[in-house]
Amino acid sequence: MTLRIREATRDDFPAYVRLFVELAIDDDPGDAEKFAREMMPTTLLAERDGAAVGYAFYRVLDGNAHLGHLVSAPEARRTGVGRALIAETVRRATALGAKEIALNVKPANANAIALYTSAGFVARETVTHLRAEWSVLDRLGPADFALAGEARSFDPALDAAFEARFDLPRGLFEGQRRRGSYTLLAIGERAVAAFDPTFPGAYPFRAVDGAHARALLAALRPYARPDKPFLNVSPGTSAEIVDALLALGATVRFQTTKMVRRLDP
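The notes below deal with the structure included here. (Residues numbered from 1 in each chain as written. Predicted model: local features only at pLDDT ≥ 70, side-chain atom pairs only at ≥ 80, totals over all residues. Heavy atoms only, no water.)

## A look at the overall build of the chain
For the chain, the helix and strand inventory stands at nine helices and twelve strands. Over its C-alpha trace the chain gives a radius of gyration of 19 Å, about what one expects of a compact globule, namely 18 Å for 265 residues. Counted over contacts in the chain with a minimum sequence separation of 6, partners at least 24 positions apart contribute 70%. Placing the 34 positive and 33 negative side-chain charges of the chain at their respective mean positions leaves the two points 3 Å apart. (Helix = DSSP H or I, 4+ residues; strand = E, 2+ residues; numbered from the N terminus. Rg over C-alpha atoms; globule rule 2.2 N^0.38 Å. Contact = heavy atoms within 4.5 Å. Lys, Arg positive; Asp, Glu negative; His and termini not counted. Charge placed at Lys NZ, Arg CZ, Asp CG, Glu CD.)

Laid out in structure tokens, this is it:
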């Protein structure tokens, strides 16, 4: 049985939805148009005898690649699908000039961690991902909203400074602007977020302290959709920021460990 890795097409959307559930996360896979617009150009499909048995979704931004999804169908696990998708993603990311590639994996997923380690990835840090109901704003005070009033969209000329200050991938904000669905806000130089209300989620969501994290949450509220009563937040590795949002009533969705591999030119 021959394994083939190819670029995804619009017709692969049903296979993507079927395989997406294997990620075991509570995200919405989106509709066919969003798949075609935002994912298809950098999605690889694994086929065996004409049947979809896995996929990989990646992005490359200014020398940094991120492997966002890697999925093998249950019936195809331990048959080389994941390894083949990683190899092809690495090849394409290198050809696009990436110097390293990163991914996130749940700490309890020992099989996946073993696969990534064997493929040259090294664990770097663990991040807590949160979900906050917009009703948490009932617990904010006047000082939070006063500080939130200072939030402004920022010029692309400031992208690099924010990315360096908060240790974010270079080119992240530029890529989000190109996608068109993000609202980018900053509170001075002390907090920054990119909010996609269609998801809904904020990544990145960074602040220098708990007060600015609370204010940043309030600043995002006017951009929320009425049919989305919550947002998912990835606040990085700061325990202070996580604790500040948990104190408002946010809940832990899951944790991920970031793994990174350097790429040869």
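## With respect to the sheet that holds strand 7 (residues 151-152)
Here twelve strands make up an open sheet; going across it, the order is 1-2-3-4-5-12-6-11-10-9-8-7 and the pairing mixed. Edge positions in the sheet fall to strand 1 (3-7) and strand 7, since each has one partner strand and no second. Summarising the sheet, strand 8 (residues 183-187) and strand 9 (residues 191-196) pair through five bridges and their orientation is antiparallel. Opposite Ala 186, over in strand 9, you have Val 192 as the bridge partner. On top of the sheet, helix 2 (residues 32-39) reaches strand 2 (43-48), strand 3 (51-61), strand 4 (64-72) and strand 9; it is set at about 50° to strand 3, its chief contact. Contacting strand 3, strand 8, strand 9 and strand 10 (201-207), helix 7 (residues 172-179) runs over the sheet at an angle of about 150° to strand 10. (Pairing = 2+ DSSP bridges. Axes fitted to C-alpha atoms, helices over the stretch in contact; angles between N-to-C directions.)

## Observations regarding the pairing of strand 2
Along any regular strand, the residues point their side chains to alternate faces of the sheet. Counting buried positions along strand 2 yields six of six residues, so the element is predominantly enclosed. Burial of the side chains of strand 2 extends over both faces: Thr 43, Leu 45 and Glu 47 are buried on one face and Leu 44, Ala 46 and Arg 48 on the other. As defined by bridge partners, strand 1 adjoins strand 2 across five bridges and the pair is classed as antiparallel. From the neighbouring strand, Arg 4 faces strand 2, where its bridge partner is Glu 47. The loop that links strand 2 with its antiparallel partner strand 3 comprises two residues; one of these, Asp 49, has a positive phi angle of about 55°. (Buried < 20%, exposed > 50% of the residue type's maximum accessible area, 1.4 Å probe, protein only.)

## So, the side chain of Ser 72
Examined against the element boundaries, Ser 72 turns out to sit in strand 4. The buried category is assigned to Ser 72, whose relative accessible area is 16%. Leaving out residues up to four positions away in the same chain, Ser 72 has contacts with Glu 22, Val 53, Gly 54, Arg 77, Val 81 and Gly 82.

## A short note on helix 1 (residues 13-20)
Within the span of helix 1, buried status applies to Phe 13, Ala 15, Tyr 16, Leu 19 and Phe 20. Buried positions in helix 1, seen along its axis, are confined to an arc of 160° and lie on one side of it. On its buried face, helix 1 is in contact with helix 2, strand 3 and strand 4. (Arc of directions from axis to C-beta.)

## Some thoughts on the packing of aromatic side chains
A full pass over the atoms with the stated rule returns nine aromatic pairs. When the centroid spacing of 5.7 Å and the interplanar angle of 65° are considered together, the rings of Tyr 16 and Phe 20 count as edge-to-face. You can see Tyr 16 and its partner Phe 20 sitting in helix 1, four residues apart, about one turn around the helix. Given the relative accessible area of 3%, Tyr 16 is considered buried. Every member of this aromatic cluster is reached through a ring pair, and the members are Phe 13, Tyr 16, Phe 20, Phe 35 and Tyr 55. (Phe/Tyr/Trp six-rings, centres within 6.5 Å; stacked < 30°, edge-to-face > 60°.)

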